[in-house]
Amino acid sequence: MLGRKKERVLLFFTLLIVILQYKKKFMIEKHLILDETDPILFYGVQNCNLRMLKSLFPKLRMVARDNVMLVQGEEDTISLFEEKLNKMIKHCATFNRLSEEDILEIVNGTKTEDVSVRNGAIVFNITGKPIYPRNENQQRLADAFNTHDMIFATGPAGTGKTFLSIALAVNALKKKKIRRIILSRPAVEAGEKLGFLPGDMRDKIDPYLQPLYDALEEMLPYTKLQELIDQNIIQIAPLAFMRGRTLNDAVVILDEAQNTTSSQLKMFLTRMGNNTKMIITGDCTQIDLPHSQRSGLIEAMTILRNLKDIAFIEFGKHDIVRHKLVTHIVEAYEKISTDNNFEDRD
């Protein structure tokens with residue numbers, strides 16, 4: 001009797017081992033890459049999103065390291081998980097947010113399109129707020145981006161020329177229409193002397209480029225932005241660094257173009273390569289060049305005005321989207337310039 005019991009126990013464990021080995025044959029391991037979004041944002045505060053994923057897919061074993069997820073489990077379950085994960089990555093990259101509610105809706109297949117996407121949001125800032133064209137001329141700039149490869153956007157400070165241009169570039173990069181974004185400015189002294197700034201050349205130049213960093217930091221999480229800069233997918237450089245380059249598959253933005261000379265702007269415009277869009281922004285009332293030099297921006301717009309493949313968007317004081325006081329300041333300077341017949345710098 002005891003011998004039969006031992007035989008049954010032995011048979012049970014033998015069958016168990018066979019079943020486990022059979023099941024193991026159908027277990028796989030896969031590395032999934034979060035290549036479009038910031039992993040810190042994706043995993044959530046204190047990994048709350050990752051914990052939720054583990055609870056929604058209890059048959060899978062997940063280990064996350066930086067932007068790589070190691071997933072172990074049955075092939076069918078991993079395939080389903082990868083499908084849902086790709087949708088979450090796309091959502092997080094688009095909206096710069098991923099909540100537990102978003103995860104649940106995506107897994108259950110009940111996620112609907114965000115109303116702001118349907119209403120024409122260009123991108124979403126780091127808090128998930130949609131960025132829209134805020135007036136008629138901003139909408140004209142957004143429309144021209146879809147129909148023209150070169151755009152001149154000029155007008156007073158605060159009209160959102162540069163910010164909207166960078167938003168259009170980030171959107172194109174996220175949709176993989178281009179491979180890189182190149183942002184540039186002429187390093188022209190505006191009353192301060194460059195040589196007296198502390199540090200090496202990069203330390204001296206970076207303050208001139210800071211407004212471009214500020215705009216990018218509004219639209220891309222810090223970790224993702226640094227990754228894109230380190231990989232040269234986003235490049236920010238003084239105008240002088242553009243010489244000799246051919247810029248392909250890119251959105252190239254030249255800011256503060258009123259401070260370029262004729263030869264500098266001609267050099268920049270002729271860097272244009274295949275599948276490239278250029279946006280040139282500037283304010284012709286704030287020229288910091290020496291009095292003896294003519295602004296390359298004013299000259300270029302005169303020379304190129306009749307080329308049908310180039311769009312020209314001219315912003316006015318009514319387009320200012322900063323603090324309302326900025327509009328009054330612009331008006332006051334216009335009035336005193338007219339009353340006193342101040343010499344025009346162009």
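Just so we're clear, the structure is a prediction, and the values are computed from it rather than from any experiment.

J.: I tried to follow the overall build of the protein on my own but got confused; where do I start?
T.: What the protein contains, in helices and strands, is 13 helices and 11 strands. Looking at the protein residue by residue over its 346 residues, the buried ones come to 44%. Expressed as a percentage of contacts within the protein between residues at least 6 apart in sequence, the contacts between residues at least 24 apart total 70%. As displayed, the protein has an accessible area near 20,200 Å², and 54% of this comes from carbon and sulfur atoms.

J.: So what exactly am I meant to see when it comes to the environment of P130 here?
T.: Within the element layout of this structure, P130 appears in strand β5 (residues 130–131). Spatially, the C-alpha atom of P130 lies 8.0 Å from that of F95, the residues being 35 residues apart in sequence. Dropping the residues within four chain positions of it, P130 is found in contact with S116, A121, V123 and F124.

J.: Would you mind going over the nonpolar core with me for this structure?
T.: A general feature of soluble globular proteins is that nonpolar side chains tend to end up buried together. Membership of the largest hydrophobic core comes to 38 residues, with the highest contact counts inside it found for I166, L216 and I234. If we ignore the near neighbours within four places in the chain, the residues touching L216 are I166, V170, L183, L225, I234 and I236.

J.: How should I be thinking about the side chain of K277 in this particular structure?
T.: Within the secondary structure, K277 is located in strand β10 (residues 276–282). Within the structure, K277 has its side chain in polar contact with the backbone oxygen of F145 (distance 2.8 Å). With near-sequence residues (within four places) excluded, K277 lies in contact with F145, N146, H148, D149, A250, V251, V252 and M272.

J.: Would you take a moment to explain helix α12 (residues 296–304) for this structure?
T.: Two residues of an α-helix separated by three or four positions point the same way, owing to the 3.6 residues in each turn. For α12, the complete set of buried residues consists of G296, L297, I298, A300, M301 and L304. For α12, the secondary structure elements touched by its buried residues are β6 (150–154), α11 (262–269), β10 and β11 (310–314).

J.: Help me understand the pattern of salt bridges, please; the structure alone is not making it clear to me.
T.: Any two side chains of opposite charge can pair, so long as their charged atoms come close to each other. This model, assessed by the stated rule, comprises 11 salt bridges. In this structure, D149 and K277 form a salt bridge, with 3.4 Å as the shortest nitrogen-oxygen distance. Taken as a pair, D149 in the loop between α7 (136–147) and β6 and K277 in strand β10 lie far apart in primary sequence, 128 residues in all. Ionic contacts of the salt-bridge type, sharing partners, join the residues D102, E105 and K111 into one network.

J.: Mind showing me how you'd approach the packing of α11 against α12 here?
T.: Geometry of a packed helix pair, given as the angle between the helix axes and the separation of the axes. Where α11 contacts α12, the two axes come as close as 8 Å, and the packing angle between them is 60 degrees. Classified by the angle between their axes, α11 and α12 sit oblique to one another. Considering only the axes of α11 and α12, their crossing is right-handed. In contact with S262, L265 and L269 of α11, α12 contributes G296, L297, E299, A300 and L304. In the contact of α11 with α12, the residues fall into five nonpolar, two polar and one charged.

J.: Please explain the packing of α7 against helix α8 (residues 161–174) as it appears in this structure.
T.: Put simply, α7 and α8 touch, their axes get as near as 10 Å, and they point 35 degrees apart. Taken as a pair, α7 and α8 cross one another with a handedness that is right-handed. For the pair formed by α7 and α8, the contact residues are Q138, L141, A142 and F145 on the first element and K161, L164, S165, L168 and A172 on the second. Of the residues assigned to the contact of α7 with α8, the class counts are six nonpolar, two polar and one charged.

J.: Looking at this structure, how should I read a nonpolar patch on the surface?
T.: Taken together, the side chains of L325, I329, Y333 and I336 make up a nonpolar region of the molecular surface, amounting to roughly 420 Å² of accessible area. Position of Y333 relative to the elements: it lies in helix α13 (residues 324–339). For Y333, a relative accessible area of 61% translates into the label exposed.

J.: I tried to follow helix α3 (residues 48–56) on my own but got confused; where do I start?
T.: Where α3 is concerned, the buried positions are C48, N49, L50, M52 and L53. If you follow the buried residues of α3, they end up packed against α2 (39–43), β2 (61–65), β3 (68–74), α4 (75–95) and α5 (100–108).

Rules of the game
- Residues numbered from 1 in each chain as written.
- Predicted model: local features only at pLDDT ≥ 70, side-chain atom pairs only at ≥ 80, totals over all residues.
- Heavy atoms only, no water.
- Helix = DSSP H or I, 4+ residues; strand = E, 2+ residues; numbered from the N terminus.
- Buried < 20%, exposed > 50% of the residue type's maximum accessible area, 1.4 Å probe, protein only.
- Contact = heavy atoms within 4.5 Å.
- Areas by Shrake-Rupley, 256 points an atom, 1.4 Å probe, with all protein chains shown as cover.
- Core = buried A, V, L, I, M, F, W, Y, C linked by side-chain atoms within 4.5 Å.
- Polar contact = N/O pair within 3.5 Å; in protein donor to acceptor, adjacent residues only side chain to side chain.
- Salt bridge = Lys/Arg side-chain N within 4 Å of Asp/Glu carboxyl O.
- Axes fitted to C-alpha atoms, helices over the stretch in contact; angles between N-to-C directions.
- Parallel < 35°, antiparallel > 145°, perpendicular 65-115°, else oblique.
- Left-handed = near helix turned anticlockwise from the far one by under 90°.
- Nonpolar A, V, L, I, M, F, W, Y, C, P; charged D, E, K, R; others polar.
- Patch = residues over 30% accessible without salt bridge, like charges linked within 9 Å, V, L, I, M, F, W, Y side chains within 5 Å.

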